[in-house]
Amino acid sequence: MKELAHQEHAAHRILGLVPTMGALHEGHLSLIKRARQDCTSVAASIFVNPKQFGPAEDFAKYPRAQQTDTEKLAALGIQCVFIPEPAEMYPQDYSTYVNVDGISERLEGRTRPGHFRGVSTVVLKLLQIVQPQFAYFGRKDAQQAAIISRMAHDLNLDAEIVVCPIVREADGLAMSSRNVYLNPADRQAATVLHRALQAVQNELHKGTRDALQLQFAMRRVLEQEPRAKIDYAEIVDARTFEPVTHVARSSYALLAAKFGETRLLDNLLIEFNPGNTNEPRIEL
Ligand code: PAF
């Protein structure tokens, strides 16, 4: 991979990287399509990173679909698929980790201790190996994207981190490789996440900026769905992921809930043009 990356750089190609854990869905493919627009050469990596799974999490049963994944990637005409072995990424004597302090301990980090340390470490390794000018991540994992952007900034990495919109099923459920775990009843129930975020969107359109009121709006919808076990439903600053009391700068409405054994995330991004706190731009 490093040799190939050197060749691409020597040929003055603009190299983009799309890191994935495989089981590719339309969300991943949208990242590839975006990378193809921006770059002259695109690499995707497929690596189910053991370091980002807790001992009681789904590493062993995480969906693996290498054959169909590579077919999907080939159909999009990308230049390279990098599929390292765990022992290559983490040999026996492996001992270096990256942690983005503060933000990594909140929300997802509270429920999944060590998760973001594993994510930051593997993403830094992938960026070191591929040395892309651009690297692409989905906004569904908003906290992950913010942590990676912060790491790239703090460590003066050359790669520009590009965060791409959420891709949704027709009924609003955000695409995720873990959606395949849902039984039909939970799959139906999981649409409540999107409806809860739509409730926030409606409140924002009505002019509500008080974070507690926005949170209530989400929870009111979520609590109508008995199959949803809410982990958090919060309004946070889009950069620090600290709770806000009043929405006046870029913020996220963030949701995490379990349906059966499957934990799903979703979010809504609220952005303001500088100097105009009246009309937020809302991205669902
Ligand atoms: O979002 C994912 O699929 C993973 O967390 C990533 C960024 C590929 C790192 O393993």
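All values reported here derive from a predicted model rather than from experimental measurement.

### A word on the packing of helix α9 (residues 192-206) against helix α10 (residues 211-222)
It is the contact of α9 with α10, at a shortest axis distance of 8 Å, that shows an interaxial angle of 145°. Regarding α9 and α10, the two cross each other, and that crossing is right-handed. Two secondary-structure elements touch here, α9 through V192, L193, R195, A196, L197, A199, V200, E203 and L204 and α10 through L214, A217, M218, V221 and L222.

### Notes on the site of the ligand
Close to the ligand lie P19, T20, M21, N49, Q52, V122, F137 and Q144, which account for all nearby residues. Here an oxygen atom of the ligand sits 2.6 Å away from a polar atom, N or O, in the side chain of Q52. Contact distances for the ligand include 2.7 Å between an oxygen atom and a side-chain N or O atom of Q144. A total of 290 Å² of accessible area belongs to the ligand in isolation, and the protein chains cover 89% of it. Residue composition of the shell around the ligand, by class: four nonpolar, four polar and no charged.

### Here's the deal with unusual backbone geometry
Residues other than glycine seldom take positive phi values, yet A23 does so here, at roughly 50°. Tracing the chain through its elements places A23 in the loop between β1 (15-20) and α2 (26-38). Residue class for A23 comes out buried when judged on its relative accessible area of 14%.

### Some remarks on the packing of aromatic side chains
For the coordinates displayed, the defined rule picks out six aromatic pairs. Ring centres 5.6 Å apart and planes at 90° place the aromatic pair Y94 and Y97 in the edge-to-face group. Residue Y97 is classed as partly exposed on the basis of its relative accessible area, which comes to 28%. Ring geometry for F241 versus Y252: centroids 5.5 Å apart, planes at 35°, classification tilted.

### A closer look at the pairing of strand β2 (residues 41-46)
Residues in a regular strand point their side chains to alternate faces of the sheet. A large share of β2 lies buried, amounting to six of its six residues. What you see with β2 is no split at all: S41, A43 and S45 on one side and V42, A44 and I46 on the other are buried throughout. Where β1 and β2 come together, six bridges link them in parallel fashion. Counterpart to L17 in the pairing with β2 is A43. Once you follow β1 into α2 and on to β2, the crossover reads as right-handed. In this sheet, strand β3 (residues 80-82) lies alongside β2 in parallel orientation, the contact comprising three bridges.

### So, the pattern of salt bridges
Summed over all chains, the structure comprises 18 salt bridges. Its salt-bridge partner being D266, residue R168 comes within 2.9 Å of it at the nearest N-O pair. Here D266 lies in strand β8 (residues 262-273) and R168 lies in the loop between β5 (160-164) and α8 (184-189), a separation of 98 residues in the sequence. Owing to a relative accessible area of 18%, R168 belongs among the buried residues under this scheme. The network of salt bridges with shared partners includes R139, E271, R281 and E283.

Calculation criteria
Residues numbered from 1 in each chain as written. Predicted model: local features only at pLDDT ≥ 70, side-chain atom pairs only at ≥ 80, totals over all residues. Heavy atoms only, no water. Axes fitted to C-alpha atoms, helices over the stretch in contact; angles between N-to-C directions. Helix = DSSP H or I, 4+ residues; strand = E, 2+ residues; numbered from the N terminus. Left-handed = near helix turned anticlockwise from the far one by under 90°. Contact = heavy atoms within 4.5 Å. Near = heavy atom within 4 Å. Polar contact = N/O pair within 3.5 Å; in protein donor to acceptor, adjacent residues only side chain to side chain. Areas by Shrake-Rupley, 256 points an atom, 1.4 Å probe, with all protein chains shown as cover. Nonpolar A, V, L, I, M, F, W, Y, C, P; charged D, E, K, R; others polar. Buried < 20%, exposed > 50% of the residue type's maximum accessible area, 1.4 Å probe, protein only. Phe/Tyr/Trp six-rings, centres within 6.5 Å; stacked < 30°, edge-to-face > 60°. Pairing = 2+ DSSP bridges. Right-handed = clockwise from strand over helix to strand, strands pointing away. Salt bridge = Lys/Arg side-chain N within 4 Å of Asp/Glu carboxyl O.

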